[in-house]
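Inside the fold
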Amino acid sequence: MARLCEDFMLCGLPSGGSVRGLEPAGPDHVIVTHTDRTVTVYKVSDQKPLGSWSVKQTQAISCPAIYNSQTKEYVVVHDKKVLRIWKDEDVNLEKVFKARYLLADVCRIHMLPDTEPLVLFEGGAVRRLDVLLTDPQQEIEDIVSEGEVIRWSDSVLEAGSPIVVFITEKNGAFHLYTQKLNPDMQQKFKLDSGEEIGCPVSFALSLNQEDIILTCLYSDGSIYKTELPPRRRSCVENEQALPRSSLLKLPGCKARSLQRAAIRLLDEAHIAVLGAPHSLQPTVKESLSIWNTTFQTLLTWKELPEGSCGQLWCYSGKLYVPHGKVLTVVPFTCETSSLAAVLGKLQQPNTAEMKTAFTVVNWNALLYDEEAEGLQQAAARSGAKLEPKRILRSRKSQGASTQQQSISQDQLLNQIQTGTLEKVEEDLHIFFNNLQSPNTQLITAQITTKLVHRCLEEVKFYPQKALVQLLQTQVLSYSLCPDLVAVALSKADYFLLQLCLQQFPDIPEAVTCACLKLFLSVSDSDLQDVTLDFGDVACYIDIENQSPQHTETPEVVQNGFSPGLLENSSDLPLPPVKSHQPPAFDVNSKCPVSLQKAALLNEILLSSYSETFLLPHLKDLSAPQVMLFLQYMKYLYVKYSETVNTELPGERVPTVNQVLDWISLLLDAHFTLLVMTPEARGLLTHLHKFVRSQVKFYSELSKIEGSIQGLHQVKPLSYDSRYSIEVIKLF
């Protein structure tokens with residue numbers, strides 16, 4: 001059987017709602033070529049972009065970009081004849097390798113595992129990328145006739161040799177070409193089309209042992225399978241008709257009714273269909289469905305109310321669908337099907353019989369009934385579970401009361417639209433206490449959306465307890481209800497924002513910076529009465545000053561931090577201080593923020609982000625906010641330096657690397673501001689000295705490591721029953 005799992009948004013799309021292409025870029029990475037001159041790499045599990053590149057405004061990307069896993073490079077073609085190759089560390093496409101002015105227009109670049117990329121030209125010729133780069137000005141022959149346009153292409157490995165298959169159209173006639181390299185061999189075939197079946201709208205290529213199979217969806221809803229003949233000789237002039245066999249007939253489709261549909265082969269027995277109705281019901285719009293081709297049955301489907309543009313990709317157990325104005329990822333599972341499972345007659349193990357194999361002791365009966373032991377023994381022998389009458393009566397009354405209190409989802413949604421605040425929170429509590437559904441995430445998202453929508457319409461309506469309860473289900477994400485964080489920001493609900501930052505892995509960088517700006521601007525007095533999750537903040541943050549008389553200052557602190565190193569690590573002048581240790585790095589100094597604000601700022605430090613998209617929004621912070629955030633991170637850095645393991649106690653605490661990354665980001669975003677601010681001079685000086693001391697400490701560690709490695713290479717001396725003392729000096 002097959003199942004469509006809960007979908008999530010990967011990225012937003014422009015008004016057209018389509019992309020130029022999507023290709024795999026690793027086990028959990030995809031490269032999306034947008035229609036607005038941009039190529040972006042996403043990590044699918046985190047729903048975050050890892051890098052983005054764009055061509056000039058006067059240029060246009062001609063075909064989807066691909067990723068070469070062998071060389072760790074990206075390849076794209078713009079303006080049909082200019083080829084560019086770059087890596088992750090490259091920033092500007094204008095400064096990367098460019099093979100310009102090819103002698104023919106490029107149609108598509110195909111990438112197969114452990115092979116060189118293949119470049120398909122609009123004339124039908126195919127070249128390996130390395131061969132093309134050695135001579136970009138080489139002549140490119142035309143295989144297709146004048147007027148033929150390539151509508152679709154794909155590639156497959158046959159016995160280790162790559163084969164490119166593409167389909168052309170000319171005056172309503174469709175032809176299939178196969179182009180094999182090593183040895184060079186071409187074949188041409190004719191595809192059936194006509195009034196009875198319409199025209200082909202989508203194709204899928206697969207390899208079954210040594211046979212290449214082409215699956216074709218026609219505009220009347222018919223899906224045919226065609227086995228390509230063996231490539232024994234080159235044949236381009238003779239147009240052979242390919243035999244086809246019916247694979248599936250989609251219901252509710254008339255002649256030429258499908259115009260923007262797509263198919264993808266999931267395995268040998270399952271196929272995904274996009275843009276076609278899944279049943280004969282006229283009310284059903286476009287949908288994404290999975291069919292079993294062996295038994296001709298529909299297994300699962302998902303309706304697409306906003307429609308689709310006929311684009312569908314499948315990589316690593318996930319379907320990628322441009323839906324509305326977003327690119328949606330739909331994970332799926334396919335299991336081996338059987339006729340009994342398809343007909344719903346598959347026998348499941350009897351859980352009741354399995355439970356009766358064990359003797360279950362009823363402790364309530366043992367406590368309240370003298371004959372309980374005999375009843376339990378009889379229950380174990382007969383396979384039935386008996387209970388005293390008064391226990392049964394009490395449970396029956398409890399069930400009746402629960403049934404009276406339970407409400408349906410529709411009743412709750414109606415109550416959310418018109419009910420009072422107290423009534424909504426009460427009904428929501430009752431509903432989730434009795435909720436037993438496998439679609440908990442979908443139901444919770446729908447209820448949250450309704451609540452947030454009413455909050456946006458009615459300013460005075462704000463069910464804070466209900467929203468907190470919904471967040472505590474831990475099934476929501478930012479993509480499911482993006483307006484929830486916006487409402488919490490408008491209401492300055494710090495506890496709700498903290499829960500969102502803890503549970504949402506897909507919060508955009510702009511929203512993260514908006515939360516940071518709010519946390520830094522709020523006063524400590526306003527946070528005193530706010531309920532927050534402090535976690536383990538109080539374990540490592542000192543709010544009050546500790547007296548220096550009662551605290552002994554060590555000469556050398558762990559991890560290389562010492563006053564001596566600070567004094568000798570830089571020639572920059574420091575403000576005069578009374579103590580030999582600078583106040584900015586006094587391990588007994590108090591935290592610059594309160595416990596409440598520290599707990600909120602820690603959530604920012606723990607949030608996921610992409611540096612490229614975060615930096616522009618960090619520039620919106622004011623100078624006092626930047627100073628306060630830097631002072632807090634400096635305080636955390638000093639706390640890390642007190643321990644050998646550079647770890648603070650607790651579970652949800654930022655790591656030393658996260659603190660250093662945020663310090664670097666803040667310095668990059670506000671370098672000019674900090675240099676021109678007199679109040680920041682002392683802070684920057686101490687940060688500089690501390691970094692210099694760390695660099696010096698680690699350089700000394702490197703010298704010791706080299707000396708130890710040299711000692712290991714020295715051949716040990718053998719002493720025969722003699723006592724010896726060796727003294728090793730490291731300078």
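Note that the coordinates shown come from a computational prediction; the quantities given were computed from them, not determined experimentally.

Per the secondary structure count, the protein chain includes 20 helices and 29 strands. In the protein chain, which comprises 731 residues, the proportion classed as buried is 45%. A separation of at least 24 residues holds for 57% of the contacts in the protein chain among residues at least 6 apart in sequence. Only carbon and sulfur atoms are counted for the fraction: they give 50% of the accessible area of the protein chain, which is about 39,200 Å².

On to the packing of helix H7 (residues 409–418) against helix H8 (residues 421–433). In the contact formed by H7 and H8, the axes pass within 9 Å of each other and the chain directions differ by 160°. Between H7 and H8, the angle is such that the two are roughly antiparallel. Crossing hand, H7 versus H8: left-handed. When H7 is examined against H8, the residues Gln409, Leu412, Gln415 and Ile416 are found in contact with a partner set consisting of Lys423, Val424, Asp427, Leu428 and Phe431. Here the residues of the contact of H7 with H8 sort into 5 nonpolar, 2 polar and 2 charged.

All right, on to the state of the cysteines then. For the coordinates displayed, the defined rule picks out 0 disulfides. In this structure Cys513 is a free cysteine whose sulfur lies 9.2 Å from that of Cys515, the closest cysteine sulfur available.

This part covers the side chain of Thr512. Considering the arrangement of structural elements, one finds Thr512 in helix H13 (residues 509–521). Leaving out residues up to four positions away in the same chain, Thr512 has contacts with Ile507, Ile604 and Ser607.

For strand S28 (residues 318–323), the tally of buried residues reaches 5 of 6 residues, placing the bulk of the element in the interior. Sheet analysis places strand S27 (residues 313–315) next to S28, joined by 3 bridges and oriented antiparallel. Along S28, the bridge assignment pairs Tyr315 with Lys318. Between S27 and S28, which pair antiparallel in sequence order, lie 2 residues; one of them, Ser316, sits at a positive phi of approximately 55°.

It is worth spelling out the confidence of the model for the protein chain at this point. Mean pLDDT over the protein chain: 77, with 76% of residues reaching 70 or higher. Predicted confidence is poor over residues 344–404, with pLDDT under 50, and the contacts of this stretch with residues over four places away or in other chains come to 32 contacts. Counting contacts from residues 544–587, a segment whose pLDDT is below 50, to residues more than four positions away or on other chains yields 76 contacts.

It is worth spelling out the nonpolar core at this point. Ranked by size, the top nonpolar core spans 82 residues in total, and within it Ile447 and Leu618 carry the most contacts. Looking at which element gives the most residues to this core, the answer is helix H17 (residues 623–641), with 11 residues. In this view, Leu618 contacts Cys513, Leu516, Trp662, Leu665, Leu666, Ala669 and His670; residues no more than four positions away in its chain are not counted. Membership of the second largest hydrophobic core comes to 19 residues, among which are Leu176, Phe203, Leu214 and Leu242.

The 4 strands lie next to each other as S23-S24-S25-S26, forming an open sheet whose pairing is antiparallel. Strands with a single pairing partner mark the edges of an open sheet, and in this sheet they are strand S23 (262–265) and strand S26 (297–303). Between one strand and the next, the sheet's axes are offset by a mean angle of 20°, whatever the strand orientation. The sheet contact formed by strand S25 (residues 287–292) and S26 spans 6 bridges and is antiparallel. Residue pairing for S26: Trp291 is matched across the bridge by Leu298.

Regular strands show a simple pattern: their side chains alternate between the two faces of the sheet. As paired elements, strand S3 (residues 21–24) and strand S4 (residues 29–33) share 4 bridges and run antiparallel to each other. Bridge pairing in S4 links Leu22 to Val32. Between the antiparallel neighbours S3 and S4 lie 4 residues, among them Gly26 with a positive phi of about 140°.

Another aspect to go through is a nonpolar patch on the surface. Taken together, Tyr698, Leu701, Ile704 and Ile708 make up a surface patch of nonpolar side chains, about 340 Å² in accessible area. Among the secondary structure elements, Ile704 is positioned in helix H20 (residues 680–713).

The next thing to look at is the side chain of Thr115. On the secondary structure map, Thr115 appears in the loop between strand S11 (106–110) and strand S12 (118–121). Within polar-contact distance, the side chain of Thr115 engages the backbone oxygen of Leu112 at 2.9 Å. Once you skip the residues sitting within four places of it in the chain, Thr115 turns out to touch Gln70 and Leu157.

This part covers the packing of helix H12 (residues 494–503) against H13. Packing of H12 against H13 brings their axes to within 12 Å, and their N-to-C directions diverge by 140°. Looking at the two axes, H12 sits oblique to H13. Here H12 and H13 pass one another in a crossing that is left-handed. Facing H12, whose interface residues are Tyr494, Leu497 and Leu501, H13 presents Cys515, Leu518 and Phe519. When its residues are assigned to classes, the contact of H12 with H13 shows 6 nonpolar, no polar and no charged.

Looking now at unusual backbone geometry. With a phi angle near 55°, Asp79 is a residue other than glycine that sits in the positive phi range. Mapped onto the secondary structure, Asp79 falls in the loop between strand S8 (73–78) and strand S9 (82–86).

This paragraph deals with the packing of aromatic side chains. For the structure shown, the criterion picks out 11 aromatic pairs. Geometrically, the ring pair formed by Trp53 and Trp86 is tilted, given 5.6 Å between the ring centres and 55° between the ring planes. Taken together, the positions of Trp53 in strand S6 (residues 48–54) and Trp86 in strand S9 put the pair 33 residues apart, joining distant regions of the chain. For the pair Trp53 and Trp86, one class covers both residues: buried. Relative to Tyr224, the ring of Tyr218 lies with its centre 5.5 Å away and its plane at 85°, an arrangement referred to as edge-to-face. Like Tyr224, Tyr218 is buried. One aromatic cluster is present, built from ring pairs that chain together Trp53, Tyr67, Tyr74 and Trp86.

Mapping Gln498 onto the fold places it in helix H12. Given the relative accessible area of 0%, Gln498 is considered buried. Separated by 103 residues in sequence, Gln498 and Leu601 place their C-alpha atoms 9.4 Å apart. When neighbours within four sequence positions are excluded, Gln498 is seen to be in contact with Leu532, Asp533, Ala599, Leu600 and Glu603.

Right, let's talk about the sheet that holds S12 for a bit. Across the sheet, which stays open at both edges, the 3 strands sit in the order S11-S12-S13 with antiparallel pairing between neighbours. Looking along the sheet, the strands with just one partner apiece sit at the ends: S11 and strand S13 (126–128). Strand-to-strand twist in this sheet, taken as the mean axis angle between neighbours without regard to direction, amounts to 25°. Bridge count between S12 and S13: 3 bridges; the pairing is antiparallel. Of the residues in S13, the one forming a bridge with Leu118 is Arg128.

Procedures and definitions
Residues numbered from 1 in each chain as written. Predicted model: local features only at pLDDT ≥ 70, side-chain atom pairs only at ≥ 80, totals over all residues. Heavy atoms only, no water. Helix = DSSP H or I, 4+ residues; strand = E, 2+ residues; numbered from the N terminus. Buried < 20%, exposed > 50% of the residue type's maximum accessible area, 1.4 Å probe, protein only. Contact = heavy atoms within 4.5 Å. Areas by Shrake-Rupley, 256 points an atom, 1.4 Å probe, with all protein chains shown as cover. Axes fitted to C-alpha atoms, helices over the stretch in contact; angles between N-to-C directions. Parallel < 35°, antiparallel > 145°, perpendicular 65-115°, else oblique. Left-handed = near helix turned anticlockwise from the far one by under 90°. Nonpolar A, V, L, I, M, F, W, Y, C, P; charged D, E, K, R; others polar. Disulfide = S-S within 2.5 Å. Pairing = 2+ DSSP bridges. pLDDT = per-residue confidence, 0-100. Core = buried A, V, L, I, M, F, W, Y, C linked by side-chain atoms within 4.5 Å. Patch = residues over 30% accessible without salt bridge, like charges linked within 9 Å, V, L, I, M, F, W, Y side chains within 5 Å. Salt bridge = Lys/Arg side-chain N within 4 Å of Asp/Glu carboxyl O. Polar contact = N/O pair within 3.5 Å; in protein donor to acceptor, adjacent residues only side chain to side chain. Phe/Tyr/Trp six-rings, centres within 6.5 Å; stacked < 30°, edge-to-face > 60°.

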